[in-house]
Amino acid sequence: MKLDAKLIRYLSTEDYRVLTATEMGSRNHEVVPTALIGHIASLKHGGTEKYLSHLAKHNLVARTINARYDGYRLTYGGYDYLALKTMSRRGSVTSVGNQIGVGKESDIYIVANDEQEQRVLKIHRLGRISFRTIKSKRDYLQNRKTGSWQYMARLAAMKEFAFMKVLHENGFPVPTPFDCNRHCIVMGLIDAFPLCQIREVENPGRLYSKLMDLIVRLACAGLIHGDFNEFNILVGEDGEPVLIDFPQMVSTSHRNAEMYFNRDVDCIRTFFRRRFDYESSIYPKFSRDAEREFSLDVQVAASGFTRKHQQELEQVRVLDMATKSTKPVLIF
């Protein structure tokens, strides 16, 4: 789902009321009845169907007709607009530029704030490839079975922002976190290149040591990145690494902490061996080097992202991986 932000400034207050009403109705309905949207929106002069038709024309909602009632569902485009509208009111995003990255679970854009300072917008798209298949198999969302793609994408964003904020406040090399709403995060723009795009470094041993030290430093703070690889590490001209992408970060008290720690270490060792022909016999081990000195994972939990949220995200990822052996189902 590619973001097209051109229409945001032209939507009326009534359009946004109807769009918000559709989002609210999605908490209990996969397809929200038109009458319910009208009741929640409570437009002074009525006309809900006219606004729904306008929103559907621009793929912000999608009309669905079934045997029981006519209704609408919120699309990713509509969810994007609701998040961006909120951020624009806060002044954290006032213009949207080019797309600079895309992944299986997110889209990345250049944006600017009300002072024209360039920033990065990350839109979480958790499960966009096979979410319908996942949805048919899970039972862990309980009352949130409907509209659950919104809930899971919001949880992923909430988790990443919470970890990024705590890491930034404690001096770790991560982007500056500015804002988070629904499934979107705004962070500082880093002048650096992904490690996967770098073909040569002056001193691979020095960079290798910095990355291993960072893995250990995180573990001593009670955290494991969980996806510490060449795609999630930026390197600037000064040779200093910056860590990005935190949706898979876990606590060192996690039941699989040692496996995640060792996997992060092995990813860096393998990459340096293949890309730079560099291999060191010195590398950290969880049982020896991950001695907790303080607990950033506790600070993250205090920010509102709880262990329950972590378990929900892990379950959807496990099911997502299980569906990759079958034919993927597109949801939009």
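Refer to the structure presented above.
(A) Spotlight on the layout of surface pockets. Estimated volume of the largest pocket: approximately 900 Å³. Residue lining of the largest pocket: 33 residues in total, with Gly 101, Ile 108, Phe 231, Asn 232 and Ile 244 positioned closest to the centre. Breaking the lining of the largest pocket down by element, the ones donating at least two residues are strand 4 (95-102), strand 5 (106-112), strand 6 (118-124) and strand 8 (184-188). Looking at side-chain class alone, the lining of the largest pocket contains 17 nonpolar, 10 polar and six charged residues.

(B) How the structure looks around the packing of aromatic side chains. For the structure on display, the rule yields seven aromatic pairs. Geometrically, the ring pair formed by Phe 272 and Tyr 278 is edge-to-face, given 6.4 Å between the ring centres and 70° between the ring planes. Tyr 278 sits in the partly exposed class, given a relative accessible area of 24%. Connected via pairs of aromatic rings, a cluster forms that spans Tyr 208, Phe 271, Phe 272, Phe 276 and Tyr 278.

(C) Up close: the nonpolar core. If you look at the biggest cluster of nonpolar residues, it comprises 54 residues, and the most contacted ones within it are Leu 167, Leu 195, Phe 261, Ile 268 and Phe 272. Among the secondary structure elements, those contributing two or more residues to this core are helix 6 (148-169), strand 8, helix 7 (204-220), strand 10 (223-224), strand 11 (233-235), helix 8 (257-276) and helix 10 (296-302). Looking at which element gives the most residues to this core, the answer is helix 6, with 11 residues. Leaving out residues up to four positions away in the same chain, Phe 261 has contacts with Ile 215, Val 216, Ala 219, Ile 224, Pro 284, Lys 285, Phe 286 and Ala 290. Grouped together as the second largest cluster of nonpolar side chains are 35 residues, Leu 3, Val 61, Leu 82 and Leu 84 included.

(D) The arrangement of the packing of helix 1 (residues 13-25) against helix 4 (residues 76-90) in detail. Put simply, helix 1 and helix 4 touch, their axes get as near as 10 Å, and they point 115° apart. Crossing handedness for the pair helix 1 and helix 4: left-handed. For the pair helix 1 and helix 4, contact is made by Tyr 16, Leu 19, Thr 20 and Glu 23 and by Gly 78, Tyr 79, Tyr 81, Leu 82 and Lys 85, respectively. Of the residues belonging to the contact of helix 1 with helix 4, the class tally is five nonpolar, two polar and two charged.

(E) A look at helix 6. For helix 6, with 22 residues, the first-to-last C-alpha span of 31 Å sits near the 32 Å given by 1.5 Å per residue. Summarising burial for helix 6: 17 of the 22 residues are buried, a large majority. Looking one or two residues beyond helix 6, the residue adopting positive phi is Gly 171, at roughly 80°.

(F) Quick peek at the environment of Asp 107. The topology assignment puts Asp 107 in strand 5. Taking the relative accessible area as the measure of exposure, Asp 107 reaches 2% and is therefore buried. Placed 15 residues apart in sequence, Asp 107 and Lys 122 show a C-alpha to C-alpha distance of 5.8 Å. In terms of polar contacts, Asp 107 uses its side chain to reach the side chain of Arg 125, at 3.1 Å.

(G) Just the sheet that holds strand 2 (residues 61-65), in detail. Pairing in this open sheet of three strands is antiparallel, and the strands run 1-3-2 from one edge to the other. What marks the edges here is a single partner per strand, and that holds for strand 1 (32-33) and strand 2. Running at roughly 95° to strand 3 (residues 70-74), helix 1 makes contact with strand 1, strand 2 and strand 3 of the sheet.

(H) Looking closely at the pattern of salt bridges. This structure, assessed with the given rule, holds 12 salt bridges. Asp 289 is the salt-bridge partner of Arg 288, the closest N and O atoms lying 3.1 Å from each other. For Arg 288, a relative accessible area of 52% corresponds to the exposed category. The network of salt bridges with common partners includes Asp 80, Asp 107 and Arg 125.

(I) Looking closely at the sheet that holds strand 8. Pairing is antiparallel across the open sheet formed by five strands, whose spatial order is 4-5-6-8-7. Bordering the open sheet on either side are strand 4 and strand 7 (177-181), each of which pairs with just one other strand. In this sheet, adjacent strand axes meet at a mean angle of 25° when their direction is disregarded. Two elements, strand 5 and strand 6, share seven bridges in a ladder whose sense is antiparallel. Its bridge partner lying in strand 6, Asp 107 is registered against Ile 123. Its contacts with the sheet put helix 4 on strand 6, strand 7 and strand 8, and the angle it makes with strand 7 is roughly 130°. On the sheet, helix 6 packs against strand 6, strand 7 and strand 8 and is oriented at approximately 160° with respect to strand 7.

(J) View of unusual backbone geometry. Residues other than glycine seldom take positive phi values, yet Ser 42 does so here, at roughly 50°. Here Ser 42 is to be found in the loop between helix 2 (34-41) and helix 3 (48-57). The residue Arg 182 is not glycine, and still its phi comes out positive at about 55°.

What counts, and at which threshold
- Residues numbered from 1 in each chain as written.
- Predicted model: local features only at pLDDT ≥ 70, side-chain atom pairs only at ≥ 80, totals over all residues.
- Heavy atoms only, no water.
- 1 Å grid on protein atoms, 1.4 Å probe; cavity = no way out; pocket = protein on both sides within 12 Å on 5 of 7 lines; lining within 4 Å.
- Points joined across faces, edges and corners; volume = space filled by probe spheres on them.
- Helix = DSSP H or I, 4+ residues; strand = E, 2+ residues; numbered from the N terminus.
- Nonpolar A, V, L, I, M, F, W, Y, C, P; charged D, E, K, R; others polar.
- Phe/Tyr/Trp six-rings, centres within 6.5 Å; stacked < 30°, edge-to-face > 60°.
- Buried < 20%, exposed > 50% of the residue type's maximum accessible area, 1.4 Å probe, protein only.
- Core = buried A, V, L, I, M, F, W, Y, C linked by side-chain atoms within 4.5 Å.
- Contact = heavy atoms within 4.5 Å.
- Axes fitted to C-alpha atoms, helices over the stretch in contact; angles between N-to-C directions.
- Left-handed = near helix turned anticlockwise from the far one by under 90°.
- Expected span 1.5 Å × (residues − 1).
- Polar contact = N/O pair within 3.5 Å; in protein donor to acceptor, adjacent residues only side chain to side chain.
- Pairing = 2+ DSSP bridges.
- Salt bridge = Lys/Arg side-chain N within 4 Å of Asp/Glu carboxyl O.

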